[in-house]
Amino acid sequence: MTISAYFDYPHTVSHEDIDDLGHAGNFHYVKWMQHAAIAHSTANGWSEQRYAQLGAGWVVRSHNITYIKPAFEGDKLVIRTWVASARPALSMRKYEIRRDDGLLLASAETEWVFVNYEKQRPVRIPPEVASCFQVVGESGVA
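Positions within a chain are numbered from 1, following the residues in the order the chain's sequence is written. At least 70 in pLDDT is required for a residue's local features to be given in this predicted model, at least 80 for side-chain atom pairs to be given and counted, and no such filter applies to totals for whole chains, interfaces and linings, which use all residues. Each side-chain value is derived from all of the structure's non-hydrogen atoms; neither hydrogens nor water enter the calculation.

Turning to the pattern of salt bridges, a few remarks are in order. Whenever Lys or Arg places a side-chain nitrogen within 4 Å of a carboxyl oxygen from Asp or Glu, that contact is recorded as a salt bridge. Overall, the coordinates contain six salt bridges when judged by the stated rule. Arg98 is paired through a salt bridge with Glu96; the nearest N and O atoms lie 3.3 Å apart. By relative accessible area, Glu96 is classed as partly exposed at 23%. The classification of residues rests on relative accessible area computed with a 1.4 Å probe and restricted to protein chains. Under 20% of the type maximum is buried, over 50% is exposed, and intermediate values are partly exposed.

This is the structure:
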């Protein structure tokens, strides 16, 4: 299996993503980010089922999003994500949300905590998980 440092998650803005102002609602960006993170993890060998078998996995601690331009129904987007930093039980994941023409719509980050599911407490990221993710850095440049 090849470890992917960057992951591009495609999404087409649907009618259900549109809010009363006629553009994609802010909370949909969070949903897209989570979908991109899960897809990246799965592509690197760690599906939700594999985390369940381990009895531990990632839980969001915080999100930070800077909205730059709106997304509209029918826009084809690419949500690029990468791991910017990792500590014993924490990981910072970055995102760029762009239209398919390259226009940056939002930049974001999520702090993830690795948690034992039964105890609901942070635990060290196991080596078998950590080895499947390349830490790229804050700027997204390897």
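Numbering of helices and strands runs from the N terminus, with a helix taken as a DSSP run of H or I at least four residues long and a strand as a DSSP run of E at least two residues long. To estimate the expected span of a helix, subtract one from its residue number and multiply by 1.5 Å. Here helix H1 (residues 26–43) contains 18 residues, and its C-alpha end-to-end distance of 26 Å stays within 8% of the 26 Å for a straight helix at 1.5 Å per residue. Those residues of H1 that sit buried are His28, Tyr29, Trp32, Met33, Ala36, Ala37, His40 and Ser41. Looking at the buried residues of H1, the elements they touch are strand S1 (6–12), helix H2 (48–54), strand S2 (56–67), strand S3 (76–86), strand S4 (90–99) and strand S5 (104–116). Downstream of H1 by a residue or two, Gly45 has a phi angle that is positive, lying close to 100°. Here, two residues are considered to be in contact whenever any of their heavy atoms come within 4.5 Å of each other.

Below, the discussion takes up the nonpolar core. Ranked by internal contacts, the top residues of the largest apolar core, which has 17 residues, are Tyr29, Trp32, Ala71, Leu77, Ile79, Tyr95 and Ile97. For this core, the elements supplying multiple residues, two or more each, are H1, S3, S4 and S5. At five residues, the largest contribution of residues to this core is made by H1. Those residues in contact with Ile97 that lie beyond four places of it in its chain are Tyr29, Met33, Leu77, Val78, Ile79, Leu103, Leu104, Leu105 and Ala106. Membership of the second largest hydrophobic core comes to nine residues, among which are Trp46, Tyr51, Ala56 and Ile125. Definition of nonpolar core: a set of buried residues of the types Ala, Val, Leu, Ile, Met, Phe, Trp, Tyr and Cys, connected through side-chain atoms within 4.5 Å.

Our focus in this paragraph is the packing of aromatic side chains. When the centres of two rings from Phe, Tyr and Trp lie within 6.5 Å, Trp using its six-membered ring, the rings pair. Their planes under 30 degrees apart give stacked, over 60 give edge-to-face, and anything left gives tilted. Scanning the model with the defined rule gives six aromatic pairs in all. Here Tyr29 and Tyr67 contribute two aromatic rings whose centre-to-centre distance is 5.0 Å and whose plane-to-plane angle is 90°, an arrangement assigned as edge-to-face. On the criterion of sequence distance, the pair formed by Tyr29 in helix H1 and Tyr67 in strand S2 is long-range, its members being 38 residues apart. We classify Tyr29 as buried; its relative accessible area is 2%. Measuring from centroid to centroid gives 6.3 Å for Tyr51 and Phe114, while their planes differ by 65°, and the two rings are edge-to-face. Residue Tyr51 is located in helix H2, and its partner Phe114 is located in strand S5; the two are separated by 63 residues in the primary sequence. Phe114 sits in the buried class, given a relative accessible area of 0%. Three or more aromatic residues link up through ring pairs in this structure, and these residues are Trp46, Tyr51, Trp58 and Phe114. The ring of Trp46 carries the charged tip of Arg50 above its face, separated from the ring centre by 3.7 Å. The rule for a charge over a ring is simple: NZ of Lys or CZ of Arg within 6 Å of the ring centre, and within 35 degrees of the ring normal.

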